[in-house]
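A look at the structure
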Amino acid sequence: NKSLLTKCKNCNQDIEGVMPTGYLNFEDENGGNDRVKILDLKVILANSKVQVGVISACHSAEVDGVSIFNSVAPGLLQAGFQAVIGMQGSPTVGMTAKFMESFYKKLVHGYPIYQAVNLSRLEIFREIPPSWFMPVLYMKDGAVGLNRHE
């Protein structure tokens, strides 16, 4: 049970009382990790005109902690995005490439975002069955402009 952890499983640092939060790792100028918390991303992107996010990073759609919005994909909805696609678990590069190729082709052909995600997941199910569930769509109710058939 993750809620009972009191020490970090990687570094053994005390984490009792620390609010779980999602983050993305970017590469810094020295080739190291530059961790950016979703709370910081929300501030940076809050006034942007970005409407849709597609994040292929591992665990970017997973939710943990007291608020769904502490994780990456759902947190970007709170920053003003209309829709965000993230990944559950650790998808392979091949699965991610197959999903992205199918997803973007569907968008180009006029499918609304939710159908493009569903149809692309079906293609993954046919070719890489254990991975079909990894891409997850978070979408605001009544999101405008994401359905070309509106």
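About the thresholds
Residues numbered from 1 in each chain as written. Predicted model: local features only at pLDDT ≥ 70, side-chain atom pairs only at ≥ 80, totals over all residues. Heavy atoms only, no water. Helix = DSSP H or I, 4+ residues; strand = E, 2+ residues; numbered from the N terminus. Buried < 20%, exposed > 50% of the residue type's maximum accessible area, 1.4 Å probe, protein only. Contact = heavy atoms within 4.5 Å. Pairing = 2+ DSSP bridges. Salt bridge = Lys/Arg side-chain N within 4 Å of Asp/Glu carboxyl O. Phe/Tyr/Trp six-rings, centres within 6.5 Å; stacked < 30°, edge-to-face > 60°.

Turning to the environment of G32, a few remarks are in order. Position of G32 among the secondary structure elements: in the loop between β1 (23–27) and β2 (33–37). Classification of G32 by relative accessible area gives partly exposed; the value is 24%. Ignoring any residue separated from it by four or fewer positions in sequence, one finds G32 in contact with F26 and E27.

What follows is about the pairing of strand β4 (residues 83–87). Burial of β4 is extensive: 5 of the 5 residues sit out of reach of the surface. Burial of β4 is two-sided: the residues A83, I85 and M87 facing one way and the residues V84 and G86 facing the other way are all buried. Pairing analysis gives 3 bridges linking strand β3 (residues 52–54) to β4, with the strands arranged parallel. Looking across to β4, one finds that V52 is bridged to A83. Bridge count for β4 against strand β5 (residues 135–139) is 5 bridges, and the pairing is antiparallel. When the sheet's bridge partners are listed, V84 is paired in β5 with Y138.

Counted by the stated rule, this structure contains 4 salt bridges. Here K105 makes a salt bridge to E101, at a shortest N to O gap of 3.1 Å. You can see K105 and its partner E101 sitting in helix α3 (residues 93–108), 4 residues apart, about one turn around the helix. With relative accessibility at 46%, the residue K105 sits in the partly exposed group. A relative accessible area of 43% places E101 in the partly exposed class. With its nearest N and O atoms 2.6 Å apart, the salt bridge here joins K106 to E123. Residue K106 is located in helix α3, and its partner E123 is located in helix α4 (residues 113–127); the two are separated by 17 residues in the primary sequence. As far as the burial class goes, K106 and E123 line up, both buried. Connected through salt bridges with shared partners, the residues K98, K106, E123 and E127 form a single ionic network.

With that settled, the discussion passes to the packing of aromatic side chains. Here the distance between the centres and the angle between the planes together describe a pair of aromatic rings. In total, this model carries 4 aromatic pairs according to the counting rule given. Judged by centre distance (6.4 Å) and plane angle (85°), the rings of F125 and W132 are edge-to-face. On the numbers, 6.4 Å between centres and 85° between planes, the contact of W132 with F133 is edge-to-face. Take F133: its relative accessible area is 32%, and that puts it in the partly exposed class. Among the aromatic residues, those joined into a cluster by ring pairs are F99, F103 and Y104.

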